[in-house]
Amino acid sequence: MKRKKAVYGMNRPIRVLVAKPGLDGHDRGALIIAQALRDEGMEVIYTGLRQSPAQIVATAIQEDVDVIGLSCLSGAHNELFPEVTRLLKEQGADDIIVIGGGVIPKEDIPFLKQHGIAEVFTSGTTTRETAEFIRQAVKTREART
Amino acid sequence: MAKFPERKQSFVTSSGIEVDRLYVGSAENSSDWERIGFPGEYPYTRGIRPTMYRGRFWTMRQYAGFGSAEETNRRFRYLLEQGQTGLSVAFDLPTQIGYDSDHPMAKGEVGKVGVAIDSLEDMERLLEGIPLDQVSTSMTINAPASVLLAMYIAVGEKQGVPSHQLRGTIQNDILKEYIARGTYIFPPQPSMRMITDVFAYCAEHVPKWNTISISGYHIREAGSTAVQEVAFTLANGIAYVEAAVKAGLDVDQFAPRLSFFFNAHNHFFEEIAKFRAARRLWARIMRERFGARDPRSWQLRFHTQTGGSTLTAQQPDNNIVRVTLQALAAVLGGTQSLHTNARDEALALPTEESARIALRTQQIIAYESGVADTVDPLGGSYFVEALTDRIEEEAVRYIQQIDDLGGAVAAVEQGYMQREIHRVALETQRRIESGEEVVVGMNRFQLKDEPQPPLHRVDPALERKQVERVQSLRARRDGQRVHETLAALKRAAEGTDNLMPHILACVKAYATVGEICHALRDVFGEYQPV
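Residues numbered from 1 in each chain as written. Chains lettered and ligands numbered in written order. Predicted model: local features only at pLDDT ≥ 70, side-chain atom pairs only at ≥ 80, totals over all residues. Heavy atoms only, no water.

*Asks:* Could you clarify how one ought to interpret the overall build of chain A in this entry?
*Replies:* Looking only at helices and strands, chain A features five helices and five strands. Reading chain A from its N end, one meets helices and strands in the order β-α-β-α-β-α-β-α-β-α. Taking 2.2 N^0.38 as the reference for a compact globule, 145 residues should give roughly 15 Å; the C-alpha atoms of chain A span a radius of gyration of 14 Å, in line with that estimate. With the principal axes as the frame, chain A shows a C-alpha extent of 35 × 35 × 25 Å. Each of the 145 residues in chain A was classed as buried or not, and the buried ones make up 53%. Summarising the internal contacts of chain A: among those between residues at least 6 apart in sequence, 73% fall at separations of at least 24. Total accessible area on chain A stands at roughly 6,500 Å², and carbon and sulfur atoms take up 54% of it. A distance of 3 Å separates the average location of the 19 positive side-chain charges in chain A from that of its 19 negative side-chain charges. (Helix = DSSP H or I, 4+ residues; strand = E, 2+ residues; numbered from the N terminus. Rg over C-alpha atoms; globule rule 2.2 N^0.38 Å. Buried < 20%, exposed > 50% of the residue type's maximum accessible area, 1.4 Å probe, protein only. Contact = heavy atoms within 4.5 Å. Areas by Shrake-Rupley, 256 points an atom, 1.4 Å probe, with all protein chains shown as cover. Lys, Arg positive; Asp, Glu negative; His and termini not counted. Charge placed at Lys NZ, Arg CZ, Asp CG, Glu CD.)

Below, the structure is given as structure tokens:
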């Protein structure tokens, strides 16, 4: 199933879905990043806790977001993050940029990138760096389409 | 002053309390002994026992659990061999949220942050060879706390240990789940009933069991200040006591089994003062507000864990130093039990080696430092007493605000604590990003090339094995008995019977955690966050 792709332009702020996949209930980081990206002028939707990859993808498509930010501290990222990118692809929505964060060992990052996660931000990353990455990634994608 | 200017314009604690250049005695900061009292005496500012660690050290209780029941059993035995004095079980998220390992939402989470327990069979494996009459066990379990307690009682019976001999703690603190940690199942009202049912059941059948561990730990990890940690935790405590009294229990019948769980973060003196303030405030609340007569009802007994969120993924060895200081603050604050975090916990679950170093940290404080040789060594310090007073005053103000909102349950339903914590978490993040708050190795004194330590990994094949296990159990057990006990539980949930005996019957019939919680979900519904 192909979806209608959004028209990105100067007048539209970047839209981000901040999502908590799986059962992990620690959302301090997700709430902080959501607020910080709003302060950077983006439109941010937060899913709340306990979302399945399918629910996240459905929300992302329905809300027509540019970016999904996944947060996970439970160690389930290697299962849950690639499932999100797989479903996006399946639904023709792989133009949505997916980034991740949480307690994620460095050694897992290459695996996640192979599975379409554009970047992984772990503890110590500033919210400004994340916002800057998002702006650049959206711009690069615009140039391609 | 012009010759020796100070490093900062002002010095403040993590709660924003201004720290003076010098503290001297004054009537205000209470060097009067009546207010502070003596250890083992009301209001217990200086500790709940007259001799404290001169009699016995705190319980060294490292939180552990991952993968299958057998693997966790091996880690328990290792820690006991290394001199740990109590067990502390970490359950995986599906268990904590009442899903069996083969539930679709459990995918990827089985055995990750704790051990996977689906049924009594898993619990038998978990505790195999561990004599339950000799070890005390703490179980970090909240929404399905009564189910896991029932399993523990059932394993005790099989070992020939009657329930009145069992010692341990279930966390069983649902309010902080809505506030800070997110592993809730049911809405607040039925959750409160499940908790008071445990109070009532244990008072009669499991009298040595700590029926709740009212937890500030997670509130602090979610971003609160030290003052908020005390205030919100004690406000939750008040809500549990009120609920139990309303359910018809006598306060002195259950209050001596209430226990607490606090965090230890970096501001050394504020942390020490926090424990002292919490103890004094709770003693007053229990005596004056609830009219408790038994001194054991006034005593705030607590477990401490060092602050997970203070650890850095960068230069993990530095975490050993942070943990040492935090553990020392807990000991100087008079904790009854302590978990020291491992250096690699900002990256993954601890390896056997890092878990051992964490335990050794406590042992060095206990056996080598001499700080356990006298009671409340910082009592009477002008600074510590002033901070203790200040934290107590500010916590009282918060508790009054929560009372005005209708108590902790109402405040949680209105999202009050959640918003307060989130506000502070954002402020902290901004201070760290601006460099105003220094985190060594992360925003200052960084290394260019970070060597990565070897990490603990959970075998990905575990999930499949655990799924097979629970499915094979369902095929083998007496289905009729499972069906009947679950139906009886549902009827009890619809009425007002104490749920514990019904849950115990389900557990003994090898009904799974998921089935039992599902039966209760059918009656109680699920919590929808605000």
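*Asks:* Any chance you could explain the interface of chain A and chain B here in plain terms?
*Replies:* Bring the parts together and some accessible area is lost; that lost area is often taken as the interface size. At the junction of the two partners, chain A supplies 32 residues and chain B supplies 38 residues. Of the roughly 2,700 Å² buried between chain A and chain B, counting both surfaces, carbon and sulfur atoms make up 53%. Taken as a group, L23, R28 and R50 of chain A account for 29% of the area that chain A buries against chain B, more than any other trio of residues on that side. Along the contact surface separating chain A from chain B lie four salt bridges. For the salt bridge of E79 of chain A with K112 of chain B, the shortest nitrogen-to-oxygen distance reads 3.4 Å. At the boundary of chain A with chain B, the tally comes to eleven residue pairs in polar contact (both at pLDDT 80 or more). Looking at the side of chain A that touches chain B residue by residue, the class counts come to nine nonpolar, 14 polar and nine charged. (Buried area = accessible area lost by both parts, 1.4 Å probe. Salt bridge = Lys/Arg side-chain N within 4 Å of Asp/Glu carboxyl O. Polar contact = N/O pair within 3.5 Å; in protein donor to acceptor, adjacent residues only side chain to side chain. Nonpolar A, V, L, I, M, F, W, Y, C, P; charged D, E, K, R; others polar.)

*Asks:* Sorry if this is basic, but what is going on with a nonpolar patch on the surface here?
*Replies:* Nonpolar side chains collect at one region of the surface, where L22, V24 and Y382 of chain B lie side by side and expose about 320 Å² of accessible area between them. Take L22 of chain B: it is sitting in the segment before α1 (33-36). (Patch = residues over 30% accessible without salt bridge, like charges linked within 9 Å, V, L, I, M, F, W, Y side chains within 5 Å.)

*Asks:* Would you mind showing me how to read the packing of aromatic side chains here?
*Replies:* By convention here, two paired aromatic rings are described through the distance between centres and the angle between planes. Residue and element names in this part refer to chain B. What the rule picks out here adds up to 22 aromatic pairs over all chains. Plain terms: the ring middles of Y217 and F261 are 5.0 Å apart, the flat faces sit at 5° to each other, and that makes the pair stacked. Here F261 lies in strand β8 (residues 258-264) and Y217 lies in helix α8 (residues 217-221), a separation of 44 residues in the sequence. You can call Y217 buried: its relative accessible area is 6%. With relative accessibility at 5%, the residue F261 sits in the buried group. Ring-pair connections join several aromatic residues into one group, and the members of that group are F260, F262, F275, W282 and F302. Of note, R287 hangs over the ring of Y42, and the distance from its end group to the ring centre comes to 3.9 Å. Taking the ring centre of W298 as reference, the NZ or CZ of R287 above it sits at 5.0 Å. (Phe/Tyr/Trp six-rings, centres within 6.5 Å; stacked < 30°, edge-to-face > 60°. Lys NZ or Arg CZ within 6 Å of the ring centre and 35° of its normal.)

*Asks:* Whenever I open this one, the environment of Y416 of chain B confuses me. Can you help?
*Replies:* Residues and elements named next belong to chain B. Take Y416: it is sitting in helix α17 (residues 416-434). Separated by 292 residues in the primary sequence, Y416 and E124 have C-alpha atoms spaced 41 Å apart. Discounting chain neighbours no more than four positions away, the residues touching Y416 are F232, Y398, Q401, I402, L405 and A411.

*Asks:* Would you explain the sheet that holds strand β1 (residues 59-60) of chain B in this entry?
*Replies:* Backbone hydrogen bonds are what pair the strands of a sheet, in a parallel or an antiparallel way. Residues and elements named next belong to chain B. One open sheet accounts for five strands, arranged β1-β10-β9-β8-β7; its pairing is parallel. The sheet is open, and its two borders are formed by β1 and β7 (212-215), each paired with just one other strand. Sheet topology places β8 next to strand β9 (residues 302-306); five bridges connect them, and they run parallel. In the strand pairing of β9, F260 is matched with F302. Packing of helix α13 (residues 318-332) onto the sheet brings it into contact with β8, β9 and β10 (337-339), and relative to β9 it is tilted by some 165°. (Pairing = 2+ DSSP bridges. Axes fitted to C-alpha atoms, helices over the stretch in contact; angles between N-to-C directions.)

*Asks:* Explain the packing of helix α15 (residues 382-404) of chain B against α17 of chain B here, please?
*Replies:* Two quantities define a packed helix pair, namely the angle between the helix axes and the distance between the axes. All names here are of chain B. Closest axis-to-axis distance for the α15/α17 pair is 11 Å, and the angle between their directions is 145°. Touching Y398, Q401 and I402 of α15 are Y416, M417, E420 and R423, all from α17. A breakdown of the residues in the contact of α15 with α17 according to their chemical character gives four nonpolar, one polar and two charged.

*Asks:* Would you explain unusual backbone geometry in this entry?
*Replies:* Apart from glycine, the bulk of residues carry a negative phi angle, and the bulk of peptide bonds sit in the trans form. Residues and elements named next belong to chain B. Backbone torsion omega between Y42 and P43 reads 0°, so that peptide bond is classified as cis. Within the fold, P43 resides in the loop between α1 and β1. Its identity as a non-glycine residue notwithstanding, Y44 has a phi of 65°, on the positive side. Position of Y44 among the secondary structure elements: in the loop between α1 and β1. Notably, F445 is not glycine yet its phi reads approximately 60°, a positive angle. Here F445 lies in the loop between α17 and α18 (461-476).

*Asks:* Just to check I follow, could you spell out the sheet that holds strand β5 (residues 168-170) of chain B for this structure?
*Replies:* Residue and element names in this part refer to chain B. Ordered in space as β2-β3-β4-β5-β6, the five strands form an open sheet in which the pairing is parallel. Both outer strands of the open sheet, β2 (63-64) and β6 (209-210), are each paired with one neighbouring strand and no more. Taken together, the four bridges between strand β3 (residues 87-90) and strand β4 (residues 137-140) define a ladder with parallel strand orientation. Residue pairing in the sheet places L87 in a bridge with T137 of β4. Running over the sheet, helix α5 (residues 145-159) touches β4, β5 and β6 and is turned about 150° from β4.

*Asks:* I would appreciate a short explanation of a positive patch on the surface in the present structure.
*Replies:* All names here are of chain B. Taken together, R49, R56, R167 and K208 make up a surface patch of like positive charges. The residue K208 is located in the loop between α7 (188-205) and β6 in this model. Here K208 falls in the partly exposed class, since its relative accessible area comes to 42%.

Don't take any of this as a statement about function, it's just geometry.
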